[in-house]
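Listed below, chain by chain, are the residues.
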Amino acid sequence: MDSMLIVLFKIVITLSLALFVVPRRFQYYSTLVLHAALAFITSIWALNTLAASSKQSLAFIPFLGSTLNIEIDPLSSFFILVVNFTSITGIIYAKGYLQSYLNKKNKMEMAWHFFNFLWLHISMLLVLMLHDALAFLMIWEIMSLSSFFLVIFESEKKETIKIGIKYLIQMHVGLVFLMLAFILAYVQTGAEFSFEGLAVYFASHNPFGLFLLFFIGFGIKAGFIPLHSWLPHAHPAAPSHVSGVMSGVMIKMGIYGILRVLMYIHHDLLDIGIFILTISLASGLIGVSMAIVQHDVKKLLAYHSIENIGIIGIGIGLGVIGLAENIPVLAVLGFGGGILHILNHSLFKSLLFYTAGAVYTQTHTRNIEQLGGLIKKMPKTALFFLLGALAICGLPPFNGFISEFLIYVGMFKSLHTASLMADTVLLLSFSGLAIIGGLAIFCFTKVFSIIFLGTARTAKVEPATEVGASMLLPNFMIGFMIVLIGFVPVIFMQPLATIIGVFTSDTAALHELIPTLNKISLSSGVFIVIIGIVWLLRAWQQKLQTVKQGPTWGCAYAGANPALHQYTATSYADNYVQLTSKLVNVKKDFKEFGEDEIFPKPRHFETHSSDVFEDVLITRPTNKILTWLEKIAVFQTGKIQHYLLYALVFLALIFLLTYFNLI
Amino acid sequence: MISLLLILIAAVFFIGIVIKVKAKIAARKMPSVLQPVYDVIRLFRKGAIYSTTTSILFRVAPLIYFATIATAMLFIPVGSQKSILSFQGDFVFFAYLLAFGKFMMIVAAMDTGSGFEGMGANREALYSMLVEPAFFILMGSQALFTGYVSFQDLFFHLHLSSQLSYIIGLASIYVFVYIAMVENSRMPVDDPKTHLELTMVHEVMVLDNSGFDLALIHIGTWLKFSIYGTLISGFVIQNSWSWYWQVATFFGIMAAFAAAVGLLEAFRARNKMEKNPQWILMLSAIAVVIFLTVLIITQKIILN
């Protein structure tokens, strides 16, 4: 059985090349079939591993004189299932989304796009299954490359290419850190060049330094602040099915890497835990604050990915602290909440990107200030966006709440017995998490209202209609999962316990939580029943009374017109911007009224925000380097005589240096 | 079941006492204590007008808002009377459920396309975001103190015996009173009786709600006050007391809380709008002081 699946797996990978030769009208369906086959094969492995809660090792291909094995343990199984689900919804969604590009792109361009989408899926799966360091780094690179080509799909736009290059460079900086880390461990210990080799290093060395290298390498992919600056650019530039998959699962590969490395560290965990927690809290708070000031819906969602990576990191950080301080309940519920949030975030974030993409295909703008009132034209899309928004805010009875709840309960339950240091950390964490939750609500009430509610702000909204079935079907699939996890979280606890088993053997705290989760399901049920009762009561009451329609109450101002006077995204964000002006860095472009201006002329008002971290860490240093490089560029005169002169000077220099025995 | 009944009874009279106190201080003729109930009954007899700008969301929002509060009420114990639903971490569920209700009301206000309602919605979103940490730090302090993580167990095991622990009780009550004021959009964050829409928060959000929906929103406010009042009473009522003594204290505290709200609203002016965030964050600061006090009591911080 397994050997047959391995062969099938190899065949599917090889068949990806066939995408270049199949006729154009079969391109999409061939890709779909290959994705489905990949998902089917790997899901069987993953489910088997989870059910047996053991490890599997299968011979894959000959590699550098030995056999490269596919290794599947509960941790990778979990990620495999998440990757498969989101990739499948992504490819289904792509059918509708790519419709409008079919006449712009030729056959080869489309084939190249599908090929890369397939290879993003393959590479993510292999990243999760390979433990050999060299093979891992190679497949990691393929993942970066395929996603790079996906990001620059609309390569006719100059801006997109620029963003793509930025993404590619940052991914390679990350790769360098990963390579350094692996090589360092290898050189120091001489153990095998793989993840298992790290265990040898960590057993005999202080783990923090090497962990830091890995954290930077993987953190660039995951988008922890301050390593995030590629993310808010790449997601908006990519087509929506790509942003959904990239934000939903690809950035989680960074988290996977961090978790995989953490698996092998068993001592001096406290520093690491506090480090992860600090970075994560900062990512959560800054990510959501930056999201509030964005006008581009996909950029806004990208910043929310940073926020959610922060929440995942808070869970993992607390889990590590729990291990270090020997508080099992914190360890289990921290890791449990963090890992469940990986699944949850992959669901609601892809849902949000798909619905935002649906709005984009209909209105051709991502600027929310130009939208409004779309719920009447695209009711299903609007309701799915609302579902995603409620889930990402962590509101019950949806899935985001369950993972945040696990983290909260872990924290509150360990307060009483923990040390002073741990209590202080916990105080900061739960207040941070509460603020992040509140800000997420602030942000999503804004973005949902501005896009879908009120009335249209510009004519771009006019032609919008509901999108087709292929763009709605993934939403139904994801929506079902969101509601399922939200209402019956209990069924996910056994697999979750198996996954956490790789970090701590004492998972009793998770099982103790099962009655609690049952009561949450009950409370959610009661909540729905109460809504139903009140709804029936109102229906009965309104049948007896007259229900009328009328204009919105304009507060006694006869000229009130929602199209002109409704709130905008800028005005909604304004009171928060005033509180955090330094952090979110919003610049207003507006000339104040002069005192002598009795009849003010029409004025122009604009706001811009820029990412402080990107400015300080990326733009300013690279600009400095550029000014130096420009000075050096004087030598590049373009005259052959000058270049010959340089060669002569160089030869003379070499001669003199050797003559005086300097080299 | 009894706790639910007590909370409901208190809810019916709460706003009545508030307006009575306010009228007395303003030397007006006092309305009946049941006046808010009559108002709501009148609303139930009325039809409704829905704005043509609004969508289905505007119609379901009041229902969800009411249901969140009604469900949240089930978690609250009164004295040694058990709550209907109780589980570990139920106060997290409680806080996030109320946030869900607020989310829907904010979205509904934005749905009308009115600039005024947008402004109110926006302020409500900011203030309720800012007050959230205070609640969590306060509950965290109680969890740290008692080692329990549900409303029922927390209050059941909360024995304030030493002098320092009285500080916790008093400070917690202070913070809870003001959390209740912020959550219900009352003084000093918001003035429910203001006449200018530009200075409103909650009142302006519900300008377009009428009839049944408006009645639900009003009842929601009563229930919220009653819920927070019950939580405040939890810091005073001890389990060792006999049941009639507990019930008497419960209603005494409710009446005192309502009177305090009335006094506060009669004598205090509303904060300047831009001072509100600072003021609300102060509640979190006090909550942190409570947390530190608990750390001292539990001898994690050792003073000498």
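Structure shown above.
Quick summary incoming for the structure in this document. The structure presented is a predicted model; accordingly, all values stated were derived computationally and were not measured.

1. Quick notes on the overall build of chain B
Here is step 1: For chain B, the helix and strand inventory stands at 11 helices and 1 strand.
Here is step 2: Counting from the amino terminus, chain B carries its helices and strands in the arrangement α-α-β-α-α-α-α-α-α-α-α-α.
Here is step 3: Since a compact globule built from 304 residues should have a radius of gyration of about 19 Å, the 19 Å found for chain B is in line with a globular shape.
Here is step 4: With respect to the three principal axes, the spread of C-alpha positions in chain B is 65 × 40 × 40 Å.
Here is step 5: Taken across its 304 residues, chain B has 59% of its residues classed as buried.
Here is step 6: Across chain B, every contact between residues at least 6 apart in sequence was considered, and the portion connecting residues at least 24 apart equals 77%.

2. Thoughts on helix α4 (residues 107-129) of chain A
Here is step 1: Over its 23 residues, α4(A) extends 33 Å from the first C-alpha to the last, a length consistent with the 33 Å expected when each residue adds 1.5 Å.
Here is step 2: Along α4(A), 19 of the 23 residues are buried, which leaves the element largely enclosed by surrounding structure.

3. With respect to unusual backbone geometry
Across the chain, the bulk of peptide bonds are trans and the bulk of non-glycine residues have phi less than zero.
All names here are of chain A.
Here is step 1: The step from I225 to P226 runs through a cis peptide bond, and the omega angle for that step is 10°.
Here is step 2: With respect to the secondary-structure elements, P226 resides in the loop between α8 (208-222) and α9 (231-237).
Here is step 3: Residue P397 is reached from P396 by a cis peptide bond, and omega for that bond is 0°.
Here is step 4: Relative to the assigned elements, P397 resides in the loop between α15 (379-392) and α16 (399-415).
Here is step 5: Within the chain, H364 stands out as a residue other than glycine whose phi angle is a positive 60°.
Here is step 6: Structurally, the position occupied by H364 is in the loop between α14 (328-363) and α15.

4. Side note on the packing of helix α1 (residues 2-25) of chain B against helix α10 (residues 243-267) of chain B
Residues and elements named next belong to chain B.
Here is step 1: Where α1 meets α10, the closest approach of the two axes is 8 Å, and the angle between their N-to-C directions is 35°. Handedness of the α1/α10 crossing: right-handed. Of the residues in α10, those touching α1 at L6, A10, F14, I17, V18, V21, K22 and I25 are V247, F250, F251, M254, A255, A258, A259, V261, G262, L263, E265 and A266.
Here is step 2: Tallied by class, the residues present in the contact of α1 with α10 amount to 17 nonpolar, 1 polar and 2 charged.

Rules of the game
Every chain's residues receive numbers from 1 upward, in the order its sequence appears when written. By the order in which they are written, chains take letters starting at A while ligands take numbers starting at 1. Two thresholds apply to this predicted model, a pLDDT of at least 70 for residue-level local features and 80 or more for giving and counting side-chain atom pairs, whereas whole-chain, interface and lining totals are computed over all residues. A helix here means a DSSP run of H or I that spans at least four residues, while a strand means a run of E at least two residues long, and both kinds are numbered starting from the N terminus. Based on C-alpha atoms, the radius of gyration is set beside the globule rule, defined as 2.2 Å times the residue count to the power 0.38. Every C-beta atom is placed from the backbone, and the number of other C-beta atoms within 10 Å of a residue's own sets its class: buried at 20 or more, exposed at 12 or fewer, partly exposed in between. Residues are scored as being in contact if the C-beta atoms we place from backbone atoms lie within 7 Å. Expected helix span is taken as 1.5 Å per residue step, with the number of steps being one fewer than the number of residues. Here an axis means a line fitted to C-alpha atoms, over the contact stretch when the element is a helix, while the angle between two N-to-C directions is reported on a 0 to 180 degree scale. In this scheme, a crossing is called left-handed if the near helix is turned counterclockwise away from the far one by less than a right angle; it is called right-handed if the turn is clockwise. Ten residue types, Ala, Val, Leu, Ile, Met, Phe, Trp, Tyr, Cys and Pro, are classed as nonpolar, four, Asp, Glu, Lys and Arg, as charged, and the remainder, Gly among them, as polar.

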